[in-house]
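# Remarks on the overall topology
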Amino acid sequence: LCLARTVRKQWYQRRVRGLQKVVEELVGRWGTGQTAATDLDGLTPQQVKAVLTLLHERDSATLGTVATLDKLFSFSAYKNCDILAAWCRLAIKVRHKPIVPVALDFVTRQGRMKYVRPIYRDLFAWPEQSARAVNAFNEKKQFYMGICRSMVTKDLQSILVSQERMG
C-alpha cells in the first residue's frame, strides 16, 4: 500500500512538471511574438488560463501579439469564465481597444467578485477607458452583491485619488 502511494505520488509530480513545462514554453514563445495555430492543441483549460495569467504578470506580451492571439484563438469569444477573465486582463494591460466592450459585457453579466473587481480595476486605471468603465459600473452596480459593489467602489475611489495626485 505504501509503495503504491509512493509510485502514484511520483507519477503525479512528473505529470505536473510536464504540464508546467508546456505552459512555460508557450509563455516564452508568445512573449516573443511566436505564435502558431496549433499552440493550444492538447492543452487543458487550466493550462490556457495559466499561460494568459503568466503573460499578464510578466509583462511579456505586446499589443501585436495580443491581436494575433485573438485572431488565432478567438479568446474574446471564449465561454470559459476563467480564461475570458485572464484574457481580458492581459488585453487591457496592453491597451487592446477591442477588448473594452468584451470586458464590460463580461463584468456586467458575470457578477462574481473574483472576475469583476480585477477587470474593473484594470479598466479604471486605463485613462482612455476609465470614464466608460465608471459609467458601466454605475449603470449596473445594483446587479452586484453588496460586498462586490462596495469593493469596486473603493477601488474606483482609490484610483481617482491617485490620479488626482499624479495629475
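I will try to describe carefully the structure that is included in this document. (Residues numbered from 1 in each chain as written. Predicted model: local features only at pLDDT ≥ 70, side-chain atom pairs only at ≥ 80, totals over all residues. Heavy atoms only, no water.)

## Considering the side chain of threonine 108
What counts is decided by this rule: Each helix corresponds to a stretch of at least 4 residues labelled H or I by DSSP, and each strand to a stretch of at least 2 residues labelled E; elements are numbered beginning at the N terminus. Contacts described as polar in this section are N or O atom pairs within 3.5 Å, which, within protein, must combine one atom able to donate a hydrogen with one able to accept it, while residues neighboring in sequence count only if both atoms come from side chains. Whether two residues are in contact is decided by their heavy atoms, any of which lying within 4.5 Å being enough.
Structurally, threonine 108 is set in helix α5 (residues 99-110). Within the structure, the side chain of threonine 108 is placed 2.8 Å from the backbone oxygen of leucine 104, a separation counted as a polar contact. The residues touching threonine 108, leaving out its near neighbours within four places in the chain, are Tyr120, Ala136, Lys140, Phe143 and Tyr144.

## Re the layout of surface pockets
We apply this condition: In this analysis a 1.4 Å probe is tested at points of a 1 Å grid over the protein atoms alone, and where it fits but cannot get out there is a cavity; an open set with protein on both sides within 12 Å along at least five of seven lines is a pocket; lining residues have an atom within 4 Å of a point. Grid points are joined across faces, edges and corners, and a volume is the space filled by probe spheres set on the points. All residues other than Ala, Val, Leu, Ile, Met, Phe, Trp, Tyr, Cys, Pro, Asp, Glu, Lys and Arg, Gly among them, are scored as polar; the first ten of these are nonpolar and the last four charged.
A volume near 180 Å³ is recorded for the largest pocket. Lining the largest pocket, in full, are Lys49, Thr53, His56, Asp82, Ala85, Ala86, Arg89, Lys114, Tyr115, Pro118 and Ile119. Elements with a contribution of two residues or more to the lining of the largest pocket: α2 (45-58), α4 (81-93) and α6 (113-124). Each residue belonging to the lining of the largest pocket can be placed in one class, and the counts come to five nonpolar, two polar and four charged.

## Examining the packing of aromatic side chains
To keep it simple, the criterion reads: Only Phe, Tyr and Trp rings take part, Trp by its six-membered ring, and two of them pair if their centres are within 6.5 Å. Stacked means planes under 30 degrees apart, edge-to-face means over 60, and tilted covers everything else. For every residue, the accessible area (1.4 Å probe, protein chains only) is compared with the maximum for its type, and the residue is labelled buried under 20%, exposed over 50%, or partly exposed between those bounds.
Evaluation of the coordinates by the stated rule reveals 11 aromatic pairs. On the basis of an interplanar angle of 35 degrees and a centroid distance of 4.9 Å, the ring pair of phenylalanine 75 and tryptophan 87 is categorised as tilted. One end of the pair, phenylalanine 75, is in the loop between α3 (63-73) and α4; the other, tryptophan 87, is in helix α4, and 12 residues separate them in sequence. By relative accessible area, tryptophan 87 is classed as buried at 0%.

## Looking at the pattern of salt bridges
Pairing between side chains of opposite charge can happen when their charged atoms approach one another. For clarity, the cut-off: Put simply, a salt bridge is a Lys or Arg side-chain nitrogen that is within 4 Å of an Asp or Glu carboxyl oxygen.
Under the defined criterion, the tally for this structure stands at eight salt bridges. In this structure, aspartate 39 engages arginine 29 in a salt bridge whose closest nitrogen and oxygen atoms are separated by 2.3 Å. Taken as a pair, aspartate 39 in the loop between α1 (2-31) and α2 and arginine 29 in helix α1 lie far apart in primary sequence, 10 residues in all. Ionic pairing is found between lysine 93 and aspartate 59, a salt bridge with its closest N-O pair at 2.5 Å. Here the residue lysine 93 occupies a position in helix α4, and aspartate 59 occupies one in the loop between α2 and α3, the gap between them amounting to 34 residues. A relative accessible area of 54% places aspartate 59 in the exposed class.

## Observations concerning unusual backbone geometry
The backbone of aspartate 59 sits at a positive phi, close to 55 degrees, despite the residue not being glycine. Although it is not a glycine, arginine 95 sits at a positive phi angle of roughly 65 degrees. The residue arginine 95 is located in the loop between α4 and α5 in this model.

## Some remarks on helix α8 (residues 146-166)
Test applied: The span one expects for a helix is its residue count, reduced by one, times 1.5 Å. Each direction from the helix axis to a C-beta atom contributes to the arc, which is the arc of those directions.
Taking 1.5 Å per residue as the helical rise, α8 with its 21 residues ought to reach 30 Å, and the 30 Å between its terminal C-alpha atoms agrees with that figure. Every buried residue of α8 is listed here: Cys148, Met151, Val152, Asp155, Leu156 and Ile159. Within α8, the buried residues cover an arc of 140 degrees as seen down the axis, which keeps them to one side. Pointing more than 90 degrees away from the buried face of α8 are the exposed residues Ile147, Glu164 and Arg165. Buried positions along α8 lie against α6 and α7 (130-140).

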